[in-house]
Each structure stands twice: as structure tokens, then as C-alpha cells.
Amino acid sequence: MAGVVPDLTLIRPAVRPAVRPRRATEEGPFIRWTLIVITVLFFAAFLVLPLVTVFVEAFRKGTEYYFKALSDPIAWSAIKLTLVTAAIAVPLNTVFGLAAAWAITRFSFRGRQFLSTLIDLPLWVSPVIGGLIYVLLFGTQSPFSPWLIAHHIKIVYATPGIIIATVFVTFPFVARGLIPLMQNQGVAEEEAALTLGAHGWQVFFRVTIPKIKWGLLYSVILSNARAMGEFGAVSVVSGHIRGLTNTIPLQIEILYNEYSFAAAFALASLLSLLGLATLALKTYIEWRAGGRPS
Amino acid sequence: MKRRILPGFRLTLGYSVIYLTLIVLIPFVALTARAFNGTWAHVWGVVTSHRLIVSYQLSFGTALVASLINGVFGFITAWVLTRYRFPGRRVIDSLIDLPFALPTAVAGIALTALYAPNGWVGAPLAKLGIAVAFNRLGILIALVFIGFPFVVRTLQPVLAALTNDVEEAAALLGASRFQTFRRVIFPAALPALITGITLSFGRAVGEYGSVVFISGNIPFKTEITPLLIIAKLEQYDYQGAAGIGLVMLLASFLILAFVNAIQWWNTRRFNSSSL
Amino acid sequence: MKKIAAVLALLASIGLASGAELLNVSYDPTRELYTEYNAAFAKYWKSKTGQDVTVNQSHGGSGKQARSVLDGLEADVVTLALAYDIDALAEKKLLPDDWQKAFPENSSPYTSTIVFLVRKGNPKGIKDWDDLAKPGIAVITPNPKTSGGARWNYLGAWAYAEQKLNKDEAKVKDFIGKIYKNAPVLDSGARGATTTFVQRGLGDVLIAWENEAYLALKEFGPEKFEIVTPSISILAEPPVAVVDVVAKRHKTEDLAKAYLNYLYSEEGQDIAGKNFYRPRDPKVAAKYASQFGKVSLVTIDDVFGGWKKAQATHFADGGTFDQIYAK
């Protein structure tokens, strides 16, 4: 890079295409590059290094061992369980998140603040407690227990318990992601659409969803990644039966404890790859859609 | 009170409340009932024992420091990612969510492998006499790691949505860049920043999976509160475990309510025109 | 609505899994043992009855596993680290109070003890428990509050100190305190402690289950570590039991009983020996005698008056272990 002023304006397209870059709303190059360097360093030290560690450890025993570890039937059952869990938990929480964000940001009502605080609750509870409450509620100590046993319904130490615990842990993500965004955007456009004769669902799908789609996508992706990676809560309700109730993170812990470090990191790398793929997909969709919100 | 122009109030609120009740409230009632099921003195004795109090200080203190670190670096990162264009920006932007993509246990294993006295980073630091793994510093690093995306991701949309015209207006009125930042940009981004820090803090307080690997679990030194919940459970002391859980919950809830109140006040103060 | 439907759909798919299935809920270091034993048992059962049997395994800290069973983990059999944990199940009427009489040898088909794992060449010259209390020695042991194995470690040290110090309780406590002051890390489980010592390179000595130490030696090579057997150690008797209530519900009582009984057969004992547990059967024990170090073993009943008492005095809140750290 030549480093002269016109070049810098060239490599810095405007945040929004409509606004021309202006020196008055920019920082000087020194501040700018200092901030960039801080970001890159922090990013490298805190995020990239652990990721690299995962892959280095995963391939420590060679590629062949890596693929053998991943094709193990017990590993497969863990992968399947994880996918099923995320596929049920994430849509449930997305619908809830949209509803809650709509109610909280579009209306003012008594208890709105309280509701918003309650939504954050699962985030504030140690995942361990998150798992424990369902054990207390559905385990043999609970008053429902005789009924559940009589009807052959297993919740804790079976798939349903794992799903419920995951729903609990990932519960706030979509709502939390949408509330500040929708608050900032205001309601003028929705109101205009209503005045023009659109009905409720039309406003929602034609006006609100396009406005929030990126924020929504982020939140869903975060919530999905968290659902797949949850450890503490799921660990309490799983029962750790190999091949039956172990999700990928639990299987990783088991392998790690069996001295199969390379196999543990192989599964971990799979989960990391899954995460990286989602992130790549997100970037691609945004690119296809043209503008970026950020 | 604002008039309700938009539709869907009953539907969305009703659905939210029912879902919330099923998934969160009923289980919490069960937890509370469990903590109070028996002698109150026992629970009180458990939650106020010296060991627990030290662990509260550790859990809440480290989480606070970690979330503040994340606040500073998260703000810088979000700013750089939304405002500047530089090679590698997209890669960084995409990888910010990594701590979510890595399961906490994996993060714990990876961080321990890195910072242990024989790890890549731990070995040189050990030579300098700095112990990271099995020390409070290790806990802090794990908590910074897991909480980082919260701040960046809550700030990014808000920073992106800030219109340039106010900044231009400020510049036209003679404000320096720093004044514009302090008076215009920062107040507008503050609610999101607080939300981000709060989320990161909340996540850090209860974090178990990644911390147990790196903390070393020494009583009175590196024992986090969630570990003590597990310890109570191993001793079949459900009541004690539920009691500790309740204390953590209550403390978090108070902080959260406080932060939400600040935020509401802030939104009203700065965004009153758009609401 | 959607949620309920989804849950029901899943339940249906899970409920269908039938046939001869058994769930063995066990503690941490027995993974390798039961993986091998389950295959052998399935073969034996097939040849005897023609029935296919799948034995599912679940491993974790002994206390945690017992708690899961209490809370509804549907274990047909439990094979745990301490009788105390199975007593907890008996208390909740999951099995009879005299469960220890259901199988021979106090219902523990194999035994083990506590030994030390040190780095190759034993650079710190560790020979016995008193070396662990010396200043400058880093001792790795898990947390007795969360790990069953850690409790055996603690009791082994206590038994040694009691003999050595003529039962002077204040001195014994002081001795134990010195050992735990030497511990830079207290992992939450036995496996975690082994990993810390072996993988992370922390500590000079690991106090571990004998089978765990030999397994680490096998996994990581005798060129890196060696085993030191102390003069006195504790006889660990990991018990097994059928969880009657669950087995009755699953109609697996006979299968469960046969599964545990087969542990006492020559093949079962041989597998235990191969996995570094001390077999009960004298013939098999003789075959594996050479692989274990010589040690004088005391039992928990002799020195501590049984698990219930040991738990109450040492590991309950405010017990001797807490007193070490309270100072």
C-alpha cells in the first residue's frame, strides 16, 4: 500500500454506499492502524491460538488415525444426537426470540423490564444448575416420577432431557440479539406499512424480517453453535451412556479421559469445522445478499 | 403510555410468557422449593461458609474483570470491524464466534494444553515465573475467551446502524473526532456495550466446562462456585447445591436488574425520539 | 405444542429399542476393564442361552454416577468405587440393605490399592508416604470431595500415618495436612489427576489407583514413568450390585445377576487381572501376582470402622479434610 491519503480513502469504502467518505468523520491513520493492530493481536492470541491447538493435537497421530477416530460408530452416534438436539432446540428458541423481541420492543407494558430480565436468566445460571433443575423436576425425586415411569416416558438420562437442557441454555440468544437491534431501528417503517394498509403478518414478513435478518441470522448461528457445544447442563442430564446419550462434547470428554487425546481433539476439530463452516456460510449469504450490516 | 399501533401484542407476549414459564419459571420454582425443603439453617450454613464466600469472590470477581477486558477489546474490535477495511477483516469477522463454536470442554482442554507449564505459551511464561494454568490467571483467560463474542456481536449491528449524518453534523459544528466519539457515538453505543458486557459477565460467572480444566481447583484459591455445587451434589446434599445455585442466581439477578435499569434509563435519555 | 410433539416422536423412537440390553453404571478407571469384559460376557451369554446381549456402559466419578442412578439413570447393575455410594442407593430402597451379601467376597470381585506413580528414575527419591509430606515435593491427587479414588488416597495416607505416629490424631492430621499442602492442583476426578500428572507434566508424584497407575504406564510407556508401592496401603474393594428396582422393571434380573456372577468366573477374573485389578480367585491371582508390588494392606473396616464412619469423620463438611484447609 502506498500509504498516501487518496489511497487510504480508496481502500476504505464507505460504511453505507450512499455516504461519501469524509475526513471529518474518520480517525487519523495512526489511530486507525493502532486499533487494527490491537484487534488483530487480541484475535490471534485469544481466538486463533486455541483453534490451532485443537487441529495440531487432532493430527498428532496422523491423518489415518484422525479419520479412524471420526468413523467410530460411537462417535457417529454422538454426532447424530448432537445434530438432532440442535435441530429441535434452535428453531424452538428462534420462534420464541422473535415473539419476545416483538413484544418487548414494539409495546410498552407493565413488567416489560421484568420480562426482559427473566429472558436473560438462563444465561446467568451456571449450566450445571440448568441441568440440575430438570433432574429435580423429572428425576425419580420429583412428584411426576411415578407417572413418568408408569407411562414409560424417560426424560432425564435420555434424549428428551438433553434437548430440554439445550433449549434452556440457548434460550436467551435470539431474543437477546434482536432486542437491542429492534429497539434501535424503531417502529416508523412498520407504522408506515400499517398506514398503507398492510396487515400484521405482512408487516412482520415484509418489513420487520428484512430489517432484522442479519441480526436474526447472527443470533440463530450463535444459538446453534452453543447448542451443539453445550457441556455443563447436558453433562448433568445425560447419564453418559456411551453410544446412546453422549453428545459430541461429552464424547470428547470421555475420549480425553480414556487417554485418546488425539481422538478427543479429532472430534473437537469436527465441531470446530462445523462451526467454521457455519461462519463461512454466513459470510457467503451476506455476500450474495449484497450489502452488509457491519 | 404509548398507544399500541402495531398488532400482535397479545400473541407475542402470550407466547413469550408461556414458553418462559415452561422452560424457565417452573424449573426454578422446583429449585427454590428444593432449597427450602428442609432446615433453613442447613442451607444458610452452606451458603455462608468461608469456603463458599471465597469462591463467590473468585467467581464474581474474575468474571467482572474478564467482562471488562472484553468490554474494552470488544469495543475496539467491533469498531475496527464495522468502520475500517483492511486485509483479513472478513476472516476475523467470521471467526469472532469461535468461542461459541468450540464446546466449552474443548476450549478448556485447548487452553490448558496451551498454558500448562509444558504448553506453547505456558512454557516461556513459566520461565518468567508466571504461572497461568492452575492459577487465577488461567481462569481469567478462559473467561475472557468464552465471553468475547458477546460484546462484539451486540455492538456490531448498533455501530453499523449509527448514521453518519450525526457524526457529520457534529464535525460541522466544530467537534473534534474525539469529542464526536465521546458525545455522539459512545452514548449511542453504550446500551449495546452494557448489554454485551453483561452477557459476557453472566456467561463467565456460571462457566464450568472450560474453567475446571485450567483452574486446578485448590480450595480457597482457585475453586469456582459451580465446582462447589458439583461437590455438594457428589455428597448427596441436594439442598445445599440448590441453595448455592439460588444464591448465585439471586446475585446475578440483582446485578442484571440493575444493569437493565441503567440501560432503560439510557435508552430513554438518548433515543427518546426514535422510540 | 410443537415441542410436545417433537418430544413424543423422540420418545417413541427411543422406546422401541428393545431386546436384551443391560446398563452398567460404573466409575472412572474401569472403562477398559468393562469394555473387554462386556465383549467376553456377550460371547459367553450367547453360547449359553443363544440370546444376543448388549451391555451399555456409563462412566464417571463414583459419587456422581450413584447420584445419577438415584435420580433416575436406569442402571441394571452398578459397579462403583466405594460401598458408600451403593449404600446411598440402598437408603433410597433401590436395592436391599444387605446388598453386599448378594455376591461372594463382600460383592467385590476384584480389589485394588493405592500406589504412587513417579517420573522415570524417581528423581525425588520417593519411597513411602512420608516422602510425600516433605517440603518441595509436588503431589498430584484429586479432590476427595468430588472423587471416590481421592478418598482412598486420603485414607491410605491416613492409615500409614496412624501406624507410624502411634495413633496420635493431632500428629496424623498434621502429616496429612503437609501432603495436601504439597498439592498444587486438586482435579475433580481420578482421571483428571492422572492427565495433569502425565500430560501436563505437573508434580513429582501421582497418588493413584494401582490399576490406573499401571494403565498409565502401559499407555505412556515405562520409559517415562515408574510405579512406587508404599509400605502400607489400603485395600480398596470396589463393589458391584444389581439395582433390583430397575432390573425388575426391565425384566433383566437374571441377566444382571449372571453378568455380575460371571465376573467371578475364571475368564472374568482373568480380564480383571489383565486390566491390573487384583483378582480374588487364588489361581488367577497367582498368575498375576508378579505384576503387583508387595504391600501390606489394611482394610477400611479395620482402620476406619467402615465407609459410613470414614465419610462422616473425614469427608463430610467440617470433617478432617476440610480442617486441613480451614487452617
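These numbers were taken from a predicted model, which means no experiment stands behind them.

A. Representation of the overall build of chain A. Summing up its helical and strand segments, chain A has 14 helices and zero strands in all. The order of helices and strands in chain A, counted from the N terminus, is α-α-α-α-α-α-α-α-α-α-α-α-α-α. Scored against the burial criterion, the 294 residues of chain A give a buried share of 53%. Restricting to contacts in chain A with at least 6 residues of sequence separation, those with at least 24 account for 74%.

B. Here's a closer look at the overall build of chain C. The number of helices and strands found in chain C is 17 helices and twelve strands. Expected size for 327 residues packed as a compact globule is a radius of gyration near 20 Å; at 21 Å, chain C falls within 12% of this value. C-alpha extents for chain C along the principal axes are approximately 60 × 50 × 40 Å. Counting every position in chain C, which comprises 327 residues, the buried fraction comes to 52%. Sequence separation of at least 24 residues holds for 73% of the intrachain contacts in chain C that already meet a minimum separation of 6.

C. Expanded view of the domain arrangement of chain A. Residue and element names in this part refer to chain A. Per the domain assignment, the segments of chain A are domain 1 (1-58) and domain 2 (62-288). Here the C-alpha centroids of domain 1 and domain 2 sit 32 Å apart. Every contact between the two is made by five residues of domain 1 and, on the other side, eight residues of domain 2. Partitioning the side of domain 1 that touches domain 2 into residue classes produces four nonpolar, no polar and one charged.

D. Structural context of the confidence of the model for chain C. Residue and element names in this part refer to chain C. Mean pLDDT over chain C stands at 88; residues scoring 70 or higher make up 94%. Considering only residues more than four positions removed or in separate chains, one finds that residues 8-18, a stretch of pLDDT under 50, has eight contacts. Model confidence for the complex is summarised by a pTM of 0.80, with the ipTM given as 0.76.

E. Representation of unusual backbone geometry in the model. All names here are of chain A. The backbone of H152 sits at a positive phi, close to 55°, despite the residue not being glycine. You can see H152 is positioned in the loop between α7 (145-150) and α8 (159-170). Overall, H152 belongs to the exposed group, with 10 C-beta atoms counted inside 10 Å.

F. Structural detail: the sheet that holds strand β6 (residues 139-140) of chain C. Residues and elements named next belong to chain C. Strand order in the open sheet formed by four strands is β6-β7-β5-β8, with mixed pairing between adjacent strands. Either end of the sheet is taken by a strand with one partner, and the two such strands are β6 and β8 (225-228). The strands that helix α9 (residues 190-198) touches are β5 (114-119), β6 and β7 (205-209); relative to β7, the one it contacts most, it runs at about 150°.

G. Structural detail: the sheet that holds strand β1 (residues 20-27) of chain C. Residues and elements named next belong to chain C. With respect to topology, four strands assemble into an open sheet ordered β2-β1-β3-β10, the strand pairing being mixed. Two strands lie at the open edges of the sheet, namely β2 (53-60) and β10 (240-242), each paired on one side alone. Recorded for the sheet is a direction-independent mean angle of 20° between the axes of neighbouring strands. The sheet contact formed by strand β3 (residues 77-79) and β10 spans three bridges and is antiparallel. Of the residues in β10, the one forming a bridge with V78 is A241.

Basis of the calculations
Each chain has its residues counted from 1, following the order in which its sequence is written. Working convention: letters from A go to chains and numbers from 1 go to ligands, in the order in which they are written. Totals for whole chains, interfaces and linings use every residue, but because this is a predicted model, local features are given only for residues with pLDDT of at least 70 and side-chain atom pairs only at 80 or more, for both listing and counting. The secondary structure listing takes helices from DSSP runs of H or I that are at least 4 residues long and strands from runs of E that are at least 2 residues long, numbered from the N terminus. Neighbour counting defines burial: a residue surrounded by 20 or more other C-beta atoms within 10 Å of its own C-beta is buried, one with 12 or fewer is exposed, and intermediate counts give partly exposed, using backbone-placed C-beta atoms. It is the C-beta atoms, placed from the backbone, that decide contacts: two residues are in contact if theirs lie within 7 Å. This radius of gyration counts C-alpha atoms alone. The globule rule is 2.2 Å times how many residues there are, raised to the power 0.38. Either an automatic procedure or a domain database provided the assignment from which the domain bounds are taken. Three categories are distinguished: nonpolar for Ala, Val, Leu, Ile, Met, Phe, Trp, Tyr, Cys and Pro, charged for Asp, Glu, Lys and Arg, and polar for the others, with Gly belonging to the last. Values of pLDDT, ranging from 0 to 100, describe the predictor's confidence in every residue of the model. A pair of strands is labelled paired if DSSP reports no fewer than 2 bridges between them. In this description, a line fitted to the C-alpha atoms serves as the axis of each element, helices being fitted only across the stretch in contact, and the angle between N-to-C directions of two axes falls anywhere from 0 to 180 degrees.

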